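Okay, here's what each chain looks like letter by letter:
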Amino acid sequence: MDISNNESALIITHKNRTIFKHSAQNPSLFLGVGEANYDMYRGNFDITDYVTERLPLRQYTVEETGDKTVITFNFDGQPAIKMLLSETAESRLKAEFEALDPKYNRFWFRVAATEDEKVYGCGEQLTYFNLRGKNFPLWSSEPGVGRNKDSYVTWLADTKDKAGGDYYNTNYPQPTFVSDKKYFCHLETTAYADFDFTNDEFHELQCWNIPEYLLLDAEESFPSLVENITGVFGRQPELPDWVTNGVILGIQGGTEITLEKIEAAKAAGVEVAGAWCQDWQGIKMTSFGKRLQWDWQWNKELYPELDTKIHQLKEEGVRFLGYINPYVLEDFPLYNEAAEKGYLATKQDGSKYVVDFGEFYCGVVDFTNPDACEWYKGVIKTNMIDFGLDGWMGDFGEYLPTDCSLSNGVSAEIEHNKWPYRWAKVQHEAIEEAGKTDDILFFMRAGGTGIQGNCHTLWGGDQLVDWCIDDGLASVIPAALSSGLMGNGIHHSDIGGYTTLHGCKRSKELFQRWAEMAAFTPIMRSHEGNRPGDNHQFDTDAETLAHLARMTKIFKHLKPYIKAASKENSERGMPVQRPLFMHYENDTEAYEIKFQYLFGRDLLVAPVYNQGEEVKKVYLPEDEWVHVWSGKTFTGGWIEVDAPIGQPAVFYRKASKDVELLSQIAAI
């Protein structure tokens, strides 16, 4: 770290890179006062801010104090905020902030940028991979239906349910970005934030409180950079061995239906690793479609004999997975127990508080209360792990309303973005305390800072069952790449998508294309969708079953390759799905590719995401790439290959140490 302070400017550099350039004429730090309004409707937020002051802090003083440099910024001669600069033991630059006037609750900080710079990350972003040229509000929410204000389906969703979303809406925001200049920058705050990458000379980081600190570091390579990032935020454990034995079939409807569908799939040659029955605790029918009964215990009426069948399935090599979220259904046993013990969030006056989840209401388990956390871990351990579940979807986490009262006394507005982390931690600790970290799989869509070491895998959320770029199959690819750069290197999605609304119905072709992509991700898992009867399913016809069977055989064939990548993710933070520039840093074109990825080091995957497309245009970085299906070798650049159903555009690197394994894919 180096600090240059003269009459013209204050300049902070780190590892020979200018980080902060501040002067009276061009200030880079601002404080302000604002009043936010959060209007939530079923996880969708309409957020406005009334800013009464935004003050440039032109005046400052610099002093050395021990191993820190203290910069005090003043306004009108009055001290407003201190910035304490230091290097951590790992040589990261850390700028801690100390507010000197409590009235300020808005903060803007400008990180120096170059005109040609590209940036990535900010949690999981589903529309853009390179974020330059846009601003990104960072608030955990429902991602929206359609996620494009110019599309008809988004307009319908907005009109009917306030649920259309926009390009920046995400279940998993994080105030962290990665630059193509091989540095990362993190702002430690859980308040609403907005990262603005529209200026040529700086990135402006805004948050609606005074952040604890800014952390920044650079490396010589991208693999070293993600290792550094995960050294800060944590790393996911390795995938359980059984996960790569085949597909986890999403099935609903009860014990008999589940067993029948498993047997039919196996008879058709499908490699089945598990059955994911999200309705294991019962169902509720709403106008949205089939929903779940949020009281987390075995429903004996819908799933008779499950207490014995679950163990029989396991002996046959098929794991059983369920569902849970951090809310409890009003007037059901768990809700009543939590309410009696004081484990639920309340209104400000201490009275009952419930959240509308769409024609039913739930209490919020207060994860700021240590006793409530222990109680909920007990629910997971007793009702799920001890019962025999080997995994579950840990849903939601985005819905914490800003007007409830929590036991730790912190504003729910500040706790909101931290709630996914708290929810992941409860699940992770329940599994860890049961001694099952190596054997149980749980997956979440919600996320935030620090989730990396607690959430075993992300899934991409509730995509539409159609071909739209912003909310369909294609959106899952930048989602995996962006969250992978944040340290969430195990990512997957619902095969076929989920949201079946406004005339969107899953077609056979869409299911097959999604299954092809899933075969080249760390986890294969299907979903029936919220209106199963409207959607093409894995067993709708024999051709679909045969196609899925082949994809699962390819996936299982790749088991040693995927397990090695999972181990690397656990040990070094290297994501399993990687942007092309991870290993081809000097390839300028690679930095703009958002719908292709490297699967591990040696497979390049370009999923087909357009309806009716059978010839795929693909970009290959300079190397020797073998087209899996034809055996033809390419050396780089833009090419076109045939990609009929059953043959997605996949290539392996000729120099791979796993070339024998990878060259056998076509024969499966």
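Residues numbered from 1 in each chain as written. Predicted model: local features only at pLDDT ≥ 70, side-chain atom pairs only at ≥ 80, totals over all residues. Heavy atoms only, no water.

**Let's talk about the UniProt feature "domain: Glycosyl hydrolase family 31 C-terminal" (unreviewed entry) in the protein chain**
Next up, step 1: In the UniProt entry, the feature "domain: Glycosyl hydrolase family 31 C-terminal" (unreviewed entry) is given for residues 573–654.
Next up, step 2: Between the first and last C-alpha atoms of residues 573–654 the distance is 25 Å; the span itself is 0% helix and 38% strand. (UniProt positions renumbered as here; feature names shortened; annotations may be inferred. Helix = DSSP H or I, 4+ residues; strand = E, 2+ residues; numbered from the N terminus.)

**Describing the layout of surface pockets**
Next up, step 1: The calculated volume of the largest pocket comes to roughly 680 Å³.
Next up, step 2: Taken together, 35 residues make up the lining of the largest pocket; nearest its centre are Glu142, Phe288, Arg291, Tyr399 and Tyr498.
Next up, step 3: The set of elements that each furnish at least two residues to the lining of the largest pocket consists of helix 1 (152–161) and strand 21 (289–292).
Next up, step 4: In terms of residue count, strand 21 provides more of the lining of the largest pocket than any other element does, 3 residues in total.
Next up, step 5: Class assignment of the residues belonging to the lining of the largest pocket gives a composition of 16 nonpolar, 9 polar and 10 charged.
Next up, step 6: Both domain 1 (2–231) and domain 2 (241–568) contribute no fewer than three residues apiece to the lining of the largest pocket. (1 Å grid on protein atoms, 1.4 Å probe; cavity = no way out; pocket = protein on both sides within 12 Å on 5 of 7 lines; lining within 4 Å. Points joined across faces, edges and corners; volume = space filled by probe spheres on them. Nonpolar A, V, L, I, M, F, W, Y, C, P; charged D, E, K, R; others polar. Domains from an automatic or database assignment.)

**Comments concerning helix 2 (residues 222–233)**
Next up, step 1: Taking 1.5 Å of rise per residue, 12 residues should cover 16 Å, and helix 2 covers 16 Å from first to last C-alpha, within 8% of that figure.
Next up, step 2: Taken residue by residue, helix 2 has Phe222, Pro223, Leu225, Val226, Asn228, Ile229, Thr230 and Phe233 as its buried positions.
Next up, step 3: Buried residues belonging to helix 2 abut strand 13 (173–179), strand 14 (183–188), strand 17 (213–218), helix 9 (476–485) and helix 12 (559–572).
Next up, step 4: At the exit of helix 2 stands Gly234, carrying a positive phi of roughly 105°. (Expected span 1.5 Å × (residues − 1). Buried < 20%, exposed > 50% of the residue type's maximum accessible area, 1.4 Å probe, protein only. Contact = heavy atoms within 4.5 Å.)

**Details of the pattern of salt bridges**
Next up, step 1: The full count for this structure, using the stated rule, is 44 salt bridges.
Next up, step 2: One salt bridge connects Lys149 with Asp158, and the closest N-O pair in it is separated by 2.7 Å.
Next up, step 3: For Asp158, a relative accessible area of 27% corresponds to the partly exposed category.
Next up, step 4: The partner of Lys377 in a salt bridge is Glu433, with the nearest N and O atoms 2.8 Å apart. With Lys377 in helix 6 (residues 370–385) and Glu433 in helix 8 (residues 419–433), this pair connects stretches of sequence that are 56 residues apart.
Next up, step 5: Residue Lys377 is classed as buried on the basis of its relative accessible area, which comes to 2%.
Next up, step 6: Via salt bridges that share partners, Glu374, Lys377, Lys381, Lys425, Glu429 and Glu433 belong to a single interconnected network. (Salt bridge = Lys/Arg side-chain N within 4 Å of Asp/Glu carboxyl O.)

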